[in-house]
Amino acid sequence: MVNRSSQVVGRDDELKAIENALADARGGRGGAVFLVGESGIGKTRLAAAAADIGYSTGMRLLRGRGSVLGPAVPYRSLTEALLSLVRAGGPIDLDALGPYRPILAGLVPDLGPAPGNQEAGSLVILAEAVLRLTALAGEDRGCLVILDDLQDADLETLAVVDYLTDNLAGQRTVLVGTIRADQGQALSFARAAGVRGACTVLELGRLGRADMRRLAAARLGVEPAQVPEPVADLLWAGGGGNPFRTEEMLDGMVDNGLLTRAADGWRVTESGRPNPPATLLRSVGARLDAVEPTAREVLLTCAVLGKRFPLTVVQEATGLTYRDLLSHLHGDNAAHLVAPDEQTPDWYAFQHALIVDALLTLIPPTERAALCGKVADAVEAMYPGLPGEWCQLTAALRLDSGQPLAAGRLWAMAGNRALGQGAAQSAVALLARACDLLAPDTGERAAALEAQLHALAEAGEVDRALAMVYLLDEVTGLAPDRRARLHTRLAWVAVHAGRAEVGLQSVAAARALLGPGASAADTAAIDVVAAHLEIDVPGPNQLAKAEEMARRAAVVAEGADLPAVACQAWQLLGALTRQRDPAEATALLERSRVIAVENNLPIWEVHALVRLGHDDALRDGGIDRLEMARDSASRIGAVTARYQAEVNIAMQLILRGDFAEADRLTAQVLTATTRLRLVETTQYMLLHRTVLAGHRGRRADMAAALEELRHWGGEHAQHAPRIHGLAGAFCALMEENQDLAHAECAAAVAAEDQNPTTFHLSGRYGLNLLLRSLADDISPAEFAAMTSSPASRLRWDRMFSDFAAAVLASRAGRAEDACAAVARAVASGAPYAMARHLGLRLVAPLALAGQWGSPIEWLRAAEEHFHRTGVPAVAGACRTLLRKGGATVSQRREGTEEIPAALRSAGVTVREYEVLRLLVDRLCNREIADALHLSPRTVEKHVSSLIAKTGEPNRIALSKYASATVQS
């Protein structure tokens, strides 16, 4: 046996491409490279070279490979890669993963507590979690992820790899994958990604004659010219340019004595044409024939287990002692075929998958069946319960040993486990295999079909799942109540997929299966999903219908010990009753939270906290509980719940006028939700982006955001009131177009009348009342009726209705009541800077005309706010009104921002502020004039103006005021 060589021969261009990709990743431009070629062509060796380059440059390395223990095991490659990162150690701030850390912990427990909610089953969220972990791992020095044998990976792993491929460009991560050039999902996705420019696909061809000679020379430890010509000819003819087969032939020639080492190099020992094994099969067969029977049994047992195998199972299957087993594996011929696994103690691996294929081909069918049964028994003895990938391996072994029913049960077990891991596509395939094998047993087949429906539903294959439901209806052995539950599950899938018509069909089918005599407990879960579906049905009465069903379900679920259903129902009721009775809405949400806590349902507790936080924000403008909900969602890995909390936080930031932070948060969440295809959350954030642009008075940005919202299907009846009343109306007011704002509010109210929603702040009880009062088209009686509604108690709306009350009082000549109403509005509007100043600007003309309140002070504050926030139309209108009121209007020139807010509000100009700053040092007029290049008379005028604007009695007092107010 000759020395192994790690030299990469004939792949200079491919190595250069990999080196460039690694350098780009370290520079912040990540990407993916896929190495494609036939078995034995050198893909793994090239990937190992990439690992060496990455390691030498300090990059973090994650490495995993496709399932080698029988059929594809969900997420095996990813799990192994993540474990390699954990084993390597090194500082990574895992807390920076936020809610994604528990998601990853579902694969690798060392990363923290696993999630206890449905987020764990989201494939896209898992992919995002892996993406974020690689970004953290390579934050400073780059990260290299190597995934070998992707042709053997499960569909979920390929989906994650596809997601990574499309989203690595902005981080310091490079993914290198190896794929055998057989037609399959992995090859199809890699080539498709290459066509769209998302990755580099390197097709590895066979080596040329010169490179084959170099490879043999490296293997023999000589220069290429020293390889005997007959050997080179044979290798070229028999190896076909395949590096692995070439090396196997070369080893066979050495092992058979046809090629021997001499003092001056290597020599062919026989004259004429040598006759070594012409194929890999003959080469492996020759080695197998050369070992004793017990060693042969060991090697064949190992081959049945796959490319990698644990010694414990081989020992159990063969009955050998540990010492004897090792002696057989380390014999001359066996050691050429297998070697200790580098990553896992007490595991061994064949040198190449082709060796496994060759060995399995050499086992006679009868012997193979018996051997598979023996190995299956050994696996079950060593791994009780068949955890992880052992279940699929044992199922395959049972099938090969002639036990189809036992194999079918194990496939069903594997499918259900895959479904629990969120590997829905793999579960579909595993359960389909189980259904075929379990055909003789009607009851077990029905259970497998039921599980397959669950998998289809989780995979989002609504149409296929629907067809499966009706197939199940025809299967004997499945009770009507179980089939009804399946229809109910499908209805929930339709809710999340936006397929209301499919959901309603499924609800009807579930009710029909249960019949008219069904118990309330059986129909509670159906009522909850039906209530959610009714909300999206256009029409004026759907909310009442939804509330009736949800309330019935909530009461029944509590009595029937169905806590999850009760949580769902009470939370929906909290949203449905808010318009009518905010206090009851809050109580219902608290009830849902208590049920979740008492029944250890953390995901439902977080969702209740999100709704309660939204409740607080609407009622009082506080976001403390929303932030608490966001933190709780992060701790348990509830990714979508976290984004729902941030959706509500973003809206409050907009209302507060914190536009920069709202813009940052909106962009951050949209980046994630669009990538994750969380359609509903994306729609909400795009709606918020539309509102944000409107509140800034940026009509072009508002139109662009609205167009993107349309692209995501979000401009529908549920969102129309906010689009008009919270975005369009405010944009018009920022443009000083009150008529358009009035029309937008009217459109919002009309849309809400036609299709009532569970959303709030459309303007009906707030801005619309103010604009109608300014237009003098609302009577005091109608205003009183509107503001007496419980729905009018939200803080944002109260602010505008109080401003409207001031307008109505002013028109009625009740100046004192008008002043009191403005004071209430200002107090309610304390958190809402922009809206508060807008309200003051809108009521100021009436106050100026009626000589009540402090309109000059209001206008100065409003002018300052809108000038600072870049809304020139409103700032200009304020200055115009100030002039009409006889007030001095400060010029907007360079240096204005340096003037303290109190002095700007008093009308102090930039030049006057310069004078005031010099008064700190008690300078006389001449000294100030010289410093500012003014005349003493001009300085005297500025001093007089400052005394008037600050209210100080004389120059001495003004100097003291300057010392206390400004910084010299």
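It should be emphasised that the depicted structure is a prediction, and the values quoted were computed from it without experimental measurement. Numbering of residues begins from 1 in every chain and follows the order in which that chain's sequence is written. In keeping with the predicted nature of the model, local features appear solely for residues at pLDDT of at least 70, side-chain atom pairs appear and are counted solely at 80 or more, and the whole-chain, interface and lining totals rest on all residues. By convention in this description, side-chain values take in all heavy atoms of the structure and omit both hydrogens and water.

### Things to note about the overall build of the chain
Rules: Only DSSP runs of H or I reaching four residues or more are called helices, and only runs of E reaching two or more are called strands; each is numbered from the N terminus. Radius of gyration means the value over C-alpha atoms here, while the globule rule gives 2.2 Å times the residue count to the 0.38 power. Accessible area is worked out with a 1.4 Å probe on protein chains only. A residue is then buried under 20% of its type maximum, exposed over 50%, and partly exposed in between. Any two residues having at least one pair of non-hydrogen atoms within 4.5 Å are treated as being in contact. All accessibility values rest on the Shrake-Rupley procedure with a 1.4 Å probe; residue burial counts only the protein chains present in the view. Counted charges follow a simple rule, with Lys and Arg positive, Asp and Glu negative, and His plus the chain ends left uncounted. Note on charges: their place is set at NZ of Lys, CZ of Arg, CG of Asp or CD of Glu.
Across its full length, the chain carries 48 helices and 10 strands. On C-alpha atoms alone, the chain measures out to a radius of gyration of 38 Å, which is more than a quarter above the 30 Å that the 2.2 N^0.38 rule sets for 968 residues. Every one of the 968 residues in the chain was classed for burial, and the buried ones make up 55%. In the chain, the share of contacts with a sequence separation of at least 24, taken over all contacts with a separation of at least 6, comes to 66%. Counting only carbon and sulfur atoms, one obtains 51% of the accessible surface of the chain, whose full area is about 39000 Å². Here the chain carries 98 positive and 114 negative side-chain charges, and the mean point of each set is 5 Å from the other.

### Comments concerning the packing of aromatic side chains
Selection criterion: Stacked, edge-to-face and tilted are the three classes for Phe, Tyr and Trp ring pairs, Trp counted by its six-membered ring, which pair at centre distances within 6.5 Å; planes under 30 degrees apart are stacked, over 60 edge-to-face, the rest tilted.
Scanning the entire structure with this criterion turns up 10 aromatic pairs. A centroid spacing of 5.8 Å and a plane angle of 45° characterise the contact between Phe 730 and Trp 796, whose relative ring orientation is tilted. Here Phe 730 is found in helix H35 (residues 720–734), whereas its partner Trp 796 is found in helix H39 (residues 795–811), with 66 residues between them in sequence. By relative accessible area, which is 1% here, Phe 730 ends up buried. On the basis of relative accessible area, Trp 796 is assigned to the buried category, the value being 2%. Ring centres of Trp 852 and Trp 858 lie 5.9 Å apart, and the angle between their planes is 65°; on these two criteria the pair is classed as edge-to-face.

### Here we look at the sheet that holds strand S10 (residues 347–350)
Basically, it comes down to this: The criterion for strand pairing is that DSSP finds at least two bridges linking the strands in question. For helices, the fitted axis covers only the stretch in contact; all axes are lines through C-alpha atoms, and the angles between them, taken along N-to-C directions, range from 0 to 180 degrees.
Spatially, the three strands line up as an open sheet ordered S8-S10-S9, and their pairing is antiparallel. Both outer strands of the open sheet, strand S8 (308–310) and strand S9 (338–340), are each paired with one neighbouring strand and no more. Strand-to-strand twist across the sheet, computed as the mean angle between neighbouring axes with direction ignored, equals 30°. As paired elements, S9 and S10 share three bridges and run antiparallel to each other. Opposite Val 338, over in S10, you have Phe 350 as the bridge partner.

### A closer look at the packing of H39 against helix H41 (residues 833–850)
Selection criterion: Orientation labels follow simple angle bins: below 35 degrees gives roughly parallel, above 145 gives roughly antiparallel, 65 to 115 gives roughly perpendicular, and whatever is left gives oblique.
Viewed as axis vectors pointing N to C, H39 and H41 meet at an angle of 5°, and their least axial separation amounts to 10 Å. Considered as vectors, H39 and H41 are oriented roughly parallel to each other. Touching Trp 796, Met 799, Phe 800, Phe 803, Val 807, Ser 810 and Arg 811 of H39 are Ala 835, Arg 836, Gly 839, Leu 840, Val 843 and Leu 846, all from H41.

### Observations concerning the pattern of salt bridges
If charged atoms from side chains of opposite charge come close, those side chains can pair. Quick reminder of the rule: Only one rule defines a salt bridge in this text: a Lys or Arg side-chain nitrogen within 4 Å of an Asp or Glu carboxyl oxygen.
Applying the stated criterion across every chain yields a total of 57 salt bridges. Arg 551 is paired through a salt bridge with Glu 584; the nearest N and O atoms lie 3.2 Å apart. Of the two residues, Arg 551 sits in helix H26 (residues 542–559) while Glu 584 sits in helix H28 (residues 582–598), which places them 33 residues apart along the sequence. Assessed through its relative accessible area of 23%, Glu 584 is described here as partly exposed. Close ionic contact of Glu 752 with Arg 764 constitutes a salt bridge, the shortest N to O distance being 3.1 Å. Of this pair, Glu 752 sits in helix H36 (residues 738–754) while Arg 764 sits in the loop between H36 and helix H37 (767–774), placing them 12 residues apart in sequence. Residue classification places Arg 764 among the buried positions, given a relative accessible area of 16%. Through salt bridges with shared partners, one network takes in Arg 578, Glu 590, Arg 593, Asp 615, Asp 616, Arg 619, Asp 620 and Arg 625.

### Quick look at the side chain of Thr 666
Here is the rule: Between N or O atoms, a polar contact is any pair within 3.5 Å; within protein, one atom must be a potential hydrogen donor and the other a potential acceptor, and residues adjacent in sequence are included only when both atoms are from side chains.
Examined against the element boundaries, Thr 666 turns out to sit in helix H32 (residues 659–676). A distance of 2.7 Å separates a polar side-chain atom of Thr 666 from the backbone oxygen of Ala 662. With near-sequence residues (within four places) excluded, Thr 666 lies in contact with Ala 650, Met 685 and Arg 689.

### Let's talk about unusual backbone geometry
At Asn 600, a position not held by glycine, the phi torsion is positive, near 55°. Within the element layout of this structure, Asn 600 appears in the loop between H28 and helix H29 (602–620). Phi at Leu 761 takes a positive value of approximately 65°, unusual for a residue other than glycine. Within the secondary structure layout, Leu 761 lies in the loop between H36 and H37.

### Topic: the pairing of strand S4 (residues 173–180)
Across the eight residues that make up S4, a large majority, seven, are buried. Bridging between strand S1 (residues 31–37) and S4 involves seven bridges; their strand directions are parallel. Within the sheet, the bridge partner assigned to Val 36 lies in S4 and is Ile 179. Sheet analysis places strand S3 (residues 143–148) next to S4, joined by five bridges and oriented parallel.

### Structural notes on helix H20 (residues 424–437)
Selection criterion: A helix is expected to reach a length of 1.5 Å times the quantity of its residues less one.
A rise of 1.5 Å per residue sets the reference length of H20, with its 14 residues, at 20 Å; its end C-alpha atoms lie 20 Å apart and thus fit the reference within 8%. Residues Ala 424, Ser 426, Ala 427, Val 428, Leu 430, Leu 431, Ala 434, Cys 435 and Leu 437 constitute the buried set of H20.

### Re the packing of helix H5 (residues 123–137) against helix H6 (residues 155–167)
Helix-helix packing is described using two parameters, namely the angle between the two axes and the distance between the axes. Here is the rule: Note on convention: the crossing is left-handed when the near helix lies turned anticlockwise from the far helix by less than a right angle, right-handed when the turn is clockwise.
Contact geometry for H5 and H6: axes closest at 9 Å, N-to-C directions at 50°. Compared by their axis directions, H5 and H6 come out oblique. Note on packing geometry: the crossing formed by H5 with H6 is right-handed. Residues Leu 123, Val 124, Ala 127, Glu 128, Val 130 and Leu 131 of H5 touch H6, and the partners they reach there are Glu 156, Ala 159, Val 160, Tyr 163, Leu 164 and Asn 167.

### Some words on the nonpolar core
Which entries qualify depends on this criterion: Side-chain atoms within 4.5 Å are what join buried Ala, Val, Leu, Ile, Met, Phe, Trp, Tyr and Cys residues into a set we call a nonpolar core.
One finds Phe 34, Phe 350 and Trp 796 to be the most contacted residues of the largest nonpolar core, which totals 213 residues. Per-element accounting of this core gives the leading share, 10 residues, to H39. When sequence neighbours within four positions are dropped, the list of residues in contact with Trp 796 reads Leu 655, His 695, Leu 726, Phe 730, Leu 761, Tyr 832 and Ala 835. Ranked by size, the runner-up nonpolar core spans 44 residues in total, among them Ala 510, Ile 595, Leu 601 and Trp 604.

### Some thoughts on the sheet that holds S4
Strand order in this open sheet of five strands is S2-S3-S4-S1-S5, and the pairing throughout is parallel. Bordering the open sheet on either side are strand S2 (60–65) and strand S5 (200–203), each of which pairs with just one other strand. When the angles between neighbouring strand axes are averaged without regard to direction, this sheet yields 15°. This element, H5, spans S2, S3 and S4 of the sheet and lies at about 135° to S3.

### Description of the state of the cysteines
We count it as follows: When the sulfur atoms of two cysteines come within 2.5 Å, that pair is taken as a disulfide.
Under the criterion given, the structure shown has zero disulfides. You can see Cys 143 has no disulfide; the closest cysteine sulfur is in Cys 199, sitting 18 Å from it. According to the relative accessible area criterion, Cys 143 is buried, its value standing at 0%. Free of any disulfide, Cys 372 has its nearest cysteine sulfur in Cys 302, 13 Å distant. On the accessibility criterion, Cys 372 (2% relative accessible area) is buried.

### Observations regarding helix H14 (residues 322–329)
Put simply, the rule is: Picture the helix axis, draw a direction to every C-beta atom, and the arc is the one those directions span.
What H14 keeps buried is the set Leu 325, His 328 and Leu 329. Axial view of H14: buried residues confined to an arc of 95°, hence all on one face.

### Points about the environment of Gly 184
With respect to the helices and strands, the residue Gly 184 is situated in the loop between S4 and helix H7 (185–195). For Gly 184, a relative accessible area of 31% translates into the label partly exposed. Put simply, Gly 184 and Asp 152 are 32 residues apart on the chain and 9.4 Å apart in space, counted from C-alpha to C-alpha.

### Concerning the side chain of Thr 950
If you trace the backbone, Thr 950 turns up in helix H47 (residues 936–950). Residue Thr 950 is classed as buried on the basis of its relative accessible area, which comes to 19%. Engagement of the side chain of Thr 950 in a polar contact is seen with the backbone oxygen of Leu 946, the distance being 2.7 Å.

### Quick word on the confidence of the model for the chain
Rules: Predictor confidence is given residue by residue as pLDDT, running from a minimum of 0 to a maximum of 100.
Residues of the chain with pLDDT of at least 70 account for 93%, and the chain-wide mean is 86. Note that residues 271–279 has pLDDT below 50 and, in this model, 12 contacts with residues that lie over four places away or in other chains.

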